[in-house]
Amino acid sequence: MKVLICDATDQKALQVIEDAGIEVVNQPDITPEELIKLIPDFPCMVVRSRTKVTKEVIQAGTALKAIVRAGVGVDNIDVAYAKEKGVQVLNTPGASTQSVAELTIAYLMALARNIPQMTASMKAGQWEKKRFVGDEVGGKTLGLIGSGRIGRAVAEKAQALGMEVIAYDPYLSDLPGIRLVDLEDLFQEADYISLHIPHTTETHNILDSAAFAKMKSGVRIINCARGGTIDEDALIKAIEDGKVAGAALDVYAQEPLTDPRLFALEGVIGSPHVGAGTAEGKQRVGLETAQQVIKVLKG
Ligand SMILES: NC(=O)c1ccc[n+]([C@@H]2O[C@H](COP(=O)([O-])OP(=O)(O)OC[C@H]3O[C@@H](n4cnc5c(N)ncnc54)[C@H](O)[C@@H]3O)[C@@H](O)[C@H]2O)c1
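The following refers to the structure shown. (Residues numbered from 1 in each chain as written. Predicted model: local features only at pLDDT ≥ 70, side-chain atom pairs only at ≥ 80, totals over all residues. Heavy atoms only, no water.)

Here the focus is the packing of helix α1 (residues 11-19) against helix α11 (residues 279-298). As a packed pair, α1 and α11 sit with axes 8 Å apart at the nearest point and diverge in direction by 20°. Judged by the angle between their axes, α1 and α11 are roughly parallel. As for how α1 packs across α11, the hand of that crossing is right-handed. Together, Lys-12, Ala-13, Val-16 and Ile-17 of α1 and Gln-283, Gly-286, Leu-287, Ala-290, Val-293 and Ile-294 of α11 make up the contact between the two elements. In terms of residue class, the contact of α1 with α11 is made up of seven nonpolar, two polar and one charged. (Axes fitted to C-alpha atoms, helices over the stretch in contact; angles between N-to-C directions. Helix = DSSP H or I, 4+ residues; strand = E, 2+ residues; numbered from the N terminus. Parallel < 35°, antiparallel > 145°, perpendicular 65-115°, else oblique. Left-handed = near helix turned anticlockwise from the far one by under 90°. Contact = heavy atoms within 4.5 Å. Nonpolar A, V, L, I, M, F, W, Y, C, P; charged D, E, K, R; others polar.)

The ligand sits among 26 residues. The nearest are Arg-149, Ile-150, Asp-169, Ile-197 and Asp-250. Separating an oxygen atom of the ligand from a backbone N or O atom of Arg-149 is a distance of 2.9 Å. A distance of 2.7 Å separates an oxygen atom of the ligand from a polar atom in the side chain of Asp-169. In isolation the ligand exposes 860 Å². Once the protein is present, 88% of that is buried. Taken together, the residues of the shell around the ligand break down into twelve nonpolar, nine polar and five charged. (Near = heavy atom within 4 Å. Polar contact = N/O pair within 3.5 Å; in protein donor to acceptor, adjacent residues only side chain to side chain. Areas by Shrake-Rupley, 256 points an atom, 1.4 Å probe, with all protein chains shown as cover.)

We now examine the sheet that holds strand β4 (residues 66-69). Across the sheet, five strands lie side by side as β2-β1-β3-β4-β5; this open sheet has parallel pairing. Lying at the two open borders of the sheet, with one neighbouring strand each, are β2 (23-26) and β5 (88-90). Ignoring which end each strand starts from, the neighbouring axes of this sheet average 20° apart. Sheet analysis places strand β3 (residues 44-47) next to β4, joined by four bridges and oriented parallel. When the sheet's bridge partners are listed, Val-46 is paired in β4 with Val-68. Relative to the sheet, α1 contacts β1 (2-5) and β2, its axis offset from that of β2 by approximately 145°. Where α11 meets the sheet, its contacts fall on β1, β3, β4 and β5, and the angle it forms with β3 comes to roughly 165°. (Pairing = 2+ DSSP bridges.)

Take the sheet that holds strand β7 (residues 164-168) next. Within the open sheet, the seven strands sit side by side as β8-β7-β6-β9-β10-β11-β12. Their pairing is parallel. Of all strands in the sheet, those bounded by a partner on one side alone are β8 (179-180) and β12 (268-270). Note that strand β10 (residues 219-223) and strand β11 (residues 244-249) share five bridges and pair parallel. From the neighbouring strand, Arg-220 faces β11, where its bridge partner is Gly-246. Across the face of the sheet, helix α5 (residues 97-113) comes into contact with β6 (141-145), β9 (192-195), β10, β11 and β12 while running at roughly 150° to β10.

Bringing the pattern of salt bridges into the picture now. Per the stated rule, a full pass over the model turns up twelve salt bridges. A salt bridge links Arg-226 to Asp-75; the shortest N-O distance between them is 3.1 Å. Taken as a pair, Arg-226 in the loop between β10 and α10 (232-240) and Asp-75 in the loop between β4 and α4 (79-84) lie far apart in primary sequence, 151 residues in all. The exposure class of Arg-226 is buried, given its relative accessible area of 15%. Residues joined by salt bridges that share partners form a network here, namely Glu-128, Arg-131 and Glu-266. (Salt bridge = Lys/Arg side-chain N within 4 Å of Asp/Glu carboxyl O. Buried < 20%, exposed > 50% of the residue type's maximum accessible area, 1.4 Å probe, protein only.)

Attention shifts here to α10. Listing the buried residues of α10 in full gives Glu-232, Ala-234, Leu-235, Ile-236, Ala-238 and Ile-239. Its side-chain oxygen at 3.1 Å from the backbone nitrogen of Asp-233, Asp-231 defines the N-terminal cap of α10. One or two positions beyond α10, positive phi appears at Gly-242, with a value near 85°.

This part covers the packing of aromatic side chains. Taken as a whole and assessed by the stated rule, the structure comprises one aromatic pair. Look at Tyr-252 and Phe-263: their rings are 6.2 Å apart centre to centre, the planes differ by 55°, and that puts the pair in the tilted class. Of the two residues, Tyr-252 is situated in the loop between β11 and β12 and Phe-263 in the loop between β11 and β12; the sequence distance between them amounts to eleven residues. Accessibility expressed as a relative area gives 6% for Tyr-252, which makes it buried. (Phe/Tyr/Trp six-rings, centres within 6.5 Å; stacked < 30°, edge-to-face > 60°.)

Quick look at α5 now. Residues that lie three or four places apart on an α-helix share one face, since the helix turns once every 3.6 residues. End to end, α5 covers 25 Å across 17 residues, agreeing with the expected 24 Å (1.5 Å per residue, within 8%). Within α5, twelve of the 17 residues are buried, leaving the element largely enclosed by the surrounding structure. If you check which residues of α5 are buried, you get Thr-97, Ser-99, Val-100, Ala-101, Leu-103, Thr-104, Ile-105, Tyr-107, Leu-108, Ala-110, Leu-111 and Ala-112. (Expected span 1.5 Å × (residues − 1).)

Next comes the structure, spelled out in structure tokens:
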């Protein structure tokens, strides 16, 4: 009984799997070619986001019973083909909720008070009190696009900061404490818009030039969800035109991000897809991953 670990995974989680009597083959830097060669021997594999589980990988995985994604999104796995082949696709949906929600709130405050820009100015030896006049978030409206686990955790924290929270989520009919609105109303009312949706054909470029045109002037955008949900060319234009006052991005259409245009803009702040990257979040993801592997292999 063995499992192939394809991306860097919490050491404690690997220990938990081994303690359950399962052989761990740890290949955190495995290449696509090596994976095709190794996979026929494994009933279970673990991936984060680096390894792409393509149709070819699943075809080669003749003994494969389950693919465990250590994280939330399964967009690096050909889920439809896995299903066709009877291979289970499992993930750790709740493990990073708190970490991503906290990063979103950190960005909300950083955008309101220009914290990264002020820090850069201080590091350059400046003392620019007049240049950096911030805004309070209390009394402002936060519009959530998608209000599942992370969206709701963000809502709770934003309400504690005195914000009004509205949400667009066509798959929910009722959301206690949050006013559900349609997308047009959200664009018109929100001072801050934060995305908490998966990237699907429906949500692809949900924020495009037409959407930016409908928003309040001076709106600020946060994306700690998935790349591909914002048309980045349209965002750049909306910032250059002054329509969007700032954007905080953790995720990008292309990752790693190589296009220098977004971060050349003063109003853009961000991080390299680290929403789940906290000590506690990683541990929780690791532990839930270990539990999934043990369940699959030992029943
Ligand atoms: N930045 C990171 O490192 C990081 C870490 C974890 C999760 N995420 C991402 O955050 C996102 C949200 O995660 P979650 O755990 O809250 O997921 P979730 O499934 O609990 O919530 C997603 C919500 O989006 C809604 N939704 C789906 N299609 C929609 C549409 N067209 N318009 C509006 N709403 C729509 C769903 O109804 C659901 O309520 C996911 O994309 C996930 O991959 C990012």
